[in-house]
Each structure stands twice: as structure tokens, then as C-alpha cells.
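Structural overview
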Amino acid sequence: MHKIWMVVNPLRLGVLGAAGVVAISAILHLVVLSSPRYCDHWGWCATTPTFTPGQPVGR
């Protein structure tokens, strides 16, 4: 067995890597959804509704 596995626990490294990927993707999703392109679509930034249910979305 290689000596690196005596120093680094592969299970812990994998879990930390997966948690890091999830955290980065969550931050990127929030940044993108907060951008002006999607902000009003989700209604996060609008103070009044900019659309009514059933109304076609303009592109």
C-alpha cells in the first residue's frame, strides 16, 4: 500500500470534496438566480408581482 494513504484518509477527503462541490454549486446557483435576468422571474427582487399566473412569459 502506498504511504500517502497512511497520511490522507481517502473517505474523509472524498466527503470533504463532495461537500465543497455542493457548497460552490449552491453559491453559484444563488448568484445566477439573483442576477437581473432571473430575479424578476422568481419574484425575489420585485416589490410587486410583475406577472400574473397563467400569463405567457415574454422572451
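Residues numbered from 1 in each chain as written. Predicted model: local features only at pLDDT ≥ 70, side-chain atom pairs only at ≥ 80, totals over all residues. Heavy atoms only, no water.

A word on the overall build of the chain
A count of helical and extended segments in the chain gives 3 helices and 0 strands. Secondary structure elements in the chain, listed N-terminal to C-terminal, are α-α-α. Burial statistics for the chain: of 59 residues in total, 2% are counted as buried. Only carbon and sulfur atoms are counted for the fraction: they give 71% of the accessible area of the chain, which is about 5,600 Å². (Helix = DSSP H or I, 4+ residues; strand = E, 2+ residues; numbered from the N terminus. Buried < 20%, exposed > 50% of the residue type's maximum accessible area, 1.4 Å probe, protein only. Areas by Shrake-Rupley, 256 points an atom, 1.4 Å probe, with all protein chains shown as cover.)

Some remarks on the confidence of the model for the chain
Residues at a pLDDT of 70 or more form 69% of the chain, whose mean pLDDT is 78. Averaged pLDDT values for the elements of the chain fall to 67 in helix H3 (residues 36-42) and rise to 91 in helix H2 (residues 10-33). (pLDDT = per-residue confidence, 0-100.)

Considerations on H2
End to end, H2 covers 34 Å across 24 residues, agreeing with the expected 34 Å (1.5 Å per residue, within 8%). Of all 24 residues in H2, 0 are buried, a share of ten percent or less. Measuring from the side-chain oxygen of the N-cap residue of H2 to the backbone nitrogen of Leu11 gives 3.2 Å; that N-cap residue is Asn9. (Expected span 1.5 Å × (residues − 1). Polar contact = N/O pair within 3.5 Å; in protein donor to acceptor, adjacent residues only side chain to side chain.)

So, a nonpolar patch on the surface
On the surface, Ile4, Trp5, Met6 and Val7 cluster together into a nonpolar patch covering about 480 Å² of accessible area. Within the secondary structure, Trp5 is located in helix H1 (residues 4-7). (Patch = residues over 30% accessible without salt bridge, like charges linked within 9 Å, V, L, I, M, F, W, Y side chains within 5 Å. Salt bridge = Lys/Arg side-chain N within 4 Å of Asp/Glu carboxyl O.)

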